[in-house]
There are 2 protein chains.
Amino acid sequence: MSATDGGVPTALSADLGLPITEDEHQDCPATDVLRRIGDKWSVLVVAILGRGPRRYNELHRSIKEISQRMLTRTLRGLERDGLVSRTVHPTVPATVEYALTDLGRSLLLPLSTITDWALENRKEIDEARSLHDRSQGGSRI
Amino acid sequence: MSATDGGVPTALSADLGLPITEDEHQDCPATDVLRRIGDKWSVLVVAILGRGPRRYNELHRSIKEISQRMLTRTLRGLERDGLVSRTVHPTVPATVEYALTDLGRSLLLPLSTITDWALENRKEIDEARSLHDRSQGGSRI
DNA sequence: CGGAATCCCTATCGATACTG
DNA sequence: CAGTATCGATAGGGATTCCG
């Protein structure tokens, strides 16, 4: 607990004293994960699957405005990273069930830390935004 | 602690039983924040500023491969959301100091939860990825 | 039912050059 | 020193149509 200023004693504050090389940033798993779940739909899908397995069209009905294309792409991405499993039941017509893997479930708690923060601070963020937007064209301090 | 399956007792698992309407998703602060810091540079900049205030060129030197354009845009975005403050010192030539605001500092801990998870599970994710990528063109189960 | 294929638009990102 | 301006490339996202 003795980082320079308000640092936090984790990976977040480690190794950031010296210049970040290209390789270091490419390797950065944090940025990688954040970009993975920072897209438009992944968090929502993970959250819904966190309540239990769902079939394709169940998900599609749960998230009304998502296109089939994006639902499929989102699921493929999550599946690729091992966060979601895809099980085809050989019925006619086929039914496909999606569920969180152990890895995916292990993400739920860390993720809720962020979403809780977002809920707690949304007003402050919104206020900062409209304040900042209003001051555009005004004095730039 | 009694969600359906592996649910987590937070905002993440709340209100997800019924279809998500367009408005609900637009309002979702979680997605909003995740997209904010899910871009290519924000996490890195926040992490560096978490160690203390930095001047523009200090940041630019710390993150070697970022373009001036993207550094400026990233800082403006974080500033707009009230996570980063920008202070111009009227020297000649001017120096500008960036620092985390209280709001920005409050994000460090939740953020580290995710980055720590990413560090812990990066191998598993990478393995899942290469496994999935190899099975492309093969049998789709 | 659970997608894939195609088309198209927009946002993001990067490189380069220039400026108060 | 701390940016802006411009351009081009790429990735994200959506609507529609078609398929086993």
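Residues numbered from 1 in each chain as written. Chains lettered and ligands numbered in written order. Predicted model: local features only at pLDDT ≥ 70, side-chain atom pairs only at ≥ 80, totals over all residues. Heavy atoms only, no water.

Chain A is annotated in an unreviewed UniProt entry as Helix-turn-helix domain-containing protein of Nocardiopsis suaedae.

1. Examining the protein's contact with DNA strand D
Let me state the cut-off plainly: Proximity is defined per residue: any heavy atom of the residue falling within 4 Å of a molecule or strand makes that residue near it. Identification of polar contacts relies on pairs of N or O atoms within 3.5 Å, with a donor-acceptor requirement for protein atoms, meaning one able to donate a hydrogen and the other able to accept it, and with residues adjacent in sequence counted only if both atoms are side-chain atoms. For the purposes of this entry, the term helix denotes a DSSP run of H or I that reaches at least four residues, the term strand denotes a run of E that reaches at least two, and both are numbered from the N terminus.
What surrounds DNA strand D is a group of 19 residues, the closest being Lys40 of chain A together with Arg35, Gln68, Arg86 and Tyr98 of chain B. For DNA strand D, the fraction of protein-proximal atoms (within 4 Å) that sit in sugar or phosphate groups is 65%. In the model, a base nitrogen of DNA strand D is placed 2.8 Å from a nitrogen or oxygen of the Arg69 of chain A side chain. Val96 of chain B is positioned such that a nitrogen or oxygen atom in its backbone is 2.9 Å from a phosphate oxygen of DNA strand D. Put simply, the parts of the chain that give the surface near DNA strand D at least two residues each are helix H5 (68-80) of chain A together with helix H4 (56-62), helix H5 (68-80) and strand E3 (95-100) of chain B. With four residues, the top contributor of residues to the surface near DNA strand D is H5 of chain B.

2. What about the nonpolar core?
Inside soluble globular proteins, nonpolar side chains tend to come together where they are buried. Threshold: Grouping buried Ala, Val, Leu, Ile, Met, Phe, Trp, Tyr and Cys residues that are joined through side-chain atoms within 4.5 Å yields what is termed a nonpolar core. Accessibility here uses a 1.4 Å probe with only protein chains present; expressed as a share of the type maximum, an area under 20% marks a residue as buried, one over 50% as exposed, and anything in between as partly exposed. The contact criterion used is simple: two residues touch if any of their non-hydrogen atoms lie within 4.5 Å.
The biggest cluster of nonpolar side chains holds 61 residues, and the ones touching the most others in it are Tyr98 and Trp117 of chain A together with Tyr98 and Trp117 of chain B. Among all residues touching Tyr98 of chain B, those that are not within four sequence positions of it are Leu49, Pro53, Arg54, Tyr56, Leu59, Leu75, Arg76, Val84, Ser85 and Arg86 of chain B.

3. Here we look at the sheet that holds strand E2 (residues 84-89) of chain A
All names here are of chain A. Quick note on the threshold: A pair of strands is considered paired only if DSSP assigns at least 2 bridges between the two. Between N-to-C directions, angles cover 0 to 180 degrees, with each direction set by a line fitted to C-alpha atoms, over the stretch in contact for helices.
With antiparallel pairing, the three strands of this open sheet are ordered in space as E1-E3-E2. This sheet does not close on itself; its edge strands, each paired only once, are strand E1 (54-55) and E2. In the sheet, E2 pairs with strand E3 (residues 95-100) via six bridges, with the strands oriented antiparallel. The residue bridging His89 from the neighbouring strand is Thr95, located in E3. Lying on the sheet, helix H3 (residues 42-49) is in contact with E1, E2 and E3; it crosses E3 at an angle near 95°.

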